[in-house]
Amino acid sequence: MTAVSDAASPDDVALLAALADAGQRMRSELGKRIVGQHDVIERLLISLFAGGHALIVGVPGLAKTSLIAALAECLSMSFGRIQFTPDLMPADITGSDVLQHDADGTRRFQFAAGPIFANILLADEINRTPPKTQAALLQAMQEGKVTVGGHTHPLPQPFMVFATQNPIEQQGTYPLPEAQLDRFLMQINIGYPSAAEEAQIAQGHGDAAALTPIVTPADLLAMQALVHRLPTPEHVVLHAVQLTRLTRPDTATSELVRASVAWGAGPRASQSLLLAARARAAAAGRPFVEMADVDAVARPVLEHRLVMSYRGQADGHTPAAIIDHIIERLAAS
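Everything quoted here is computed from the prediction, not taken from an experiment.

**Q** Help me get a handle on the pairing of strand S3 (residues 95-101), residues and values and all.
**A** In this structure, S3 lies alongside strand S4 (residues 107-113), joined through seven bridges in antiparallel fashion. Its bridge partner lying in S4, valine 98 is registered against glutamine 110. Linking two consecutive strands that pair antiparallel, namely S3 and S4, is a turn of five residues; a positive phi of about 95° is found at glycine 105 within it.

Take a look at the structure:
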């Protein structure tokens, strides 16, 4: 992280203003196609500017796929979509080496890239494919590259995975392993629209609306780099670390957490909290991060990283409720 003086350079000030303006314009563009869901869009943009992957969870018919497709239209970037099914194979995602016959009669293997080679990847219903295929995304999500046939191929940059998941109809699904869940910066939950919003949806609001591309790959990479180096006061860093550590039973100060949580969030969660908080501050046009930014992104950043104990599940406690409980205790202390 750079010093405050570096972050306050004229170029960074201009870039910060451009980032906030781009965020506002994208909200407006997405509003042409998506009715309501303002909090969801806000978190999606935070994930985008942070350069992180997002898991979008909601029941069928809540425009999860449409939202990601609309976001891709607002970006002058390549877009790939994979419909995850039980018979999907890893090569269907990453690509494979194909035997080519040249005109001179020689034969050679040539890599045929899969749909993962895109700036924005929509992994639709990611939990409907077996763990072997889900694992094909692990290296890509962590390192921005894939290895096929002993050769490593870099993915286009920026590269972000936006996956969707249905929280009901669990028959025939495969829960995502904790290692993969931890690679998602955020879990974004989508709820039902209000009655007024549903009336607009029923009338086909925005179905054919054309969206204007706003951000190029080079622009987004520069904005993401700015977010990563946005100055963060020490007390905000300590707050994020403390919040994460209090989710772990062995370091928790709350009896509710010790009894209800089997495994808390790891160190990557602390990094993700600060990164998402920086993105939230930048999207608001602020050149500094506040504790309120950390608290605002705590639930989407930490929720999918907590593993509830059998007792916690039996008592009806949820990760979201545990996170809210920890934030309230920190605010009162």
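On we go from here.
**Q** So, the packing of helix H13 (residues 267-283) against helix H14 (residues 291-302): which residues are in play, and what are the values?
**A** Look at H13 against H14: their axes get within 8 Å of each other, and the N-to-C directions meet at 125°. With respect to their mutual orientation, H13 and H14 come out oblique. In this structure, H13 meets H14 at a crossing whose hand is right-handed. Facing H13, whose interface residues are Ala269, Ser272, Leu273, Ala276, Ala277, Arg280 and Ala281, H14 presents Ala292, Asp293, Val294, Ala296, Val297, Ala298, Val301 and Leu302. The class makeup of the residues in the contact of H13 with H14 is 12 nonpolar, one polar and two charged.

**Q** Break down the side chain of threonine 94 for me, citing the residues and quoting the values.
**A** In this fold, threonine 94 is placed in helix H5 (residues 90-94). Residue classification places threonine 94 among the buried residues on the basis of a relative accessible area of 10%.

**Q** Explain the packing of helix H2 (residues 10-33) against helix H4 (residues 64-73) to me, using residue names and the numbers behind them.
**A** Angle between the axes and distance between the axes: these two values describe a pair of packed helices. In contact at an axis separation of 10 Å, H2 and H4 are set at 135° when each is read in the N-to-C sense. Judged on the interaxial angle alone, H4 and H2 are oblique. Both H2 and H4 take part in a crossing whose hand is right-handed. Contacts from Met26, Leu30 and Arg33 of H2 reach H4 at Leu67, Ala70, Leu71 and Glu73.

**Q** Any details on the pattern of salt bridges? Residues and values, ideally.
**A** Scanning the model with the defined rule gives 15 salt bridges in all. Arginine 258 serves as the salt-bridge partner of glutamate 255, at 3.2 Å between the closest nitrogen and oxygen. Here glutamate 255 and its partner arginine 258 are both found in helix H12 (residues 255-260), three residues apart, which amounts to about one turn of the helix. Residue arginine 258 is classed as partly exposed on the basis of its relative accessible area of 38%.

So, how was this worked out
The residue count restarts for each chain, going from 1 along the sequence in the order it is written. In keeping with the predicted nature of the model, local features appear solely for residues at pLDDT of at least 70, side-chain atom pairs appear and are counted solely at 80 or more, and the whole-chain, interface and lining totals rest on all residues. No hydrogens and no water enter the side-chain calculation; it runs on all heavy atoms of the structure. Think of it this way: DSSP has to see at least two bridges between two strands before they count as a pair. A run of H or I in DSSP becomes a helix once it reaches four residues, and a run of E becomes a strand once it reaches two; helices and strands are each numbered from the N terminus. An axis is simply a line fitted to the C-alpha atoms; with a helix, the fit covers only the stretch in contact. Between two such axes, the angle follows the N-to-C directions and lies from 0 to 180 degrees. Oblique is the label for every angle not falling under 35 degrees (roughly parallel), over 145 degrees (roughly antiparallel), or within 65 to 115 degrees (roughly perpendicular). Left-handed describes a crossing in which the near helix is turned anticlockwise from the far one by less than a right angle; the clockwise case is right-handed. The contact criterion used throughout is that any non-hydrogen atoms of two residues lie within 4.5 Å. Any residue outside Ala, Val, Leu, Ile, Met, Phe, Trp, Tyr, Cys, Pro, Asp, Glu, Lys and Arg is labelled polar, Gly included; the first ten of those are nonpolar and the last four are charged. The buried label goes to any residue with under 20% of its type's maximum accessible area, the exposed label to any with over 50%, and the partly exposed label to all in between, with areas taken from a 1.4 Å probe on protein chains only. Salt bridges, as used here, are contacts in which a Lys or Arg side-chain nitrogen is within 4 Å of a carboxyl oxygen on Asp or Glu.

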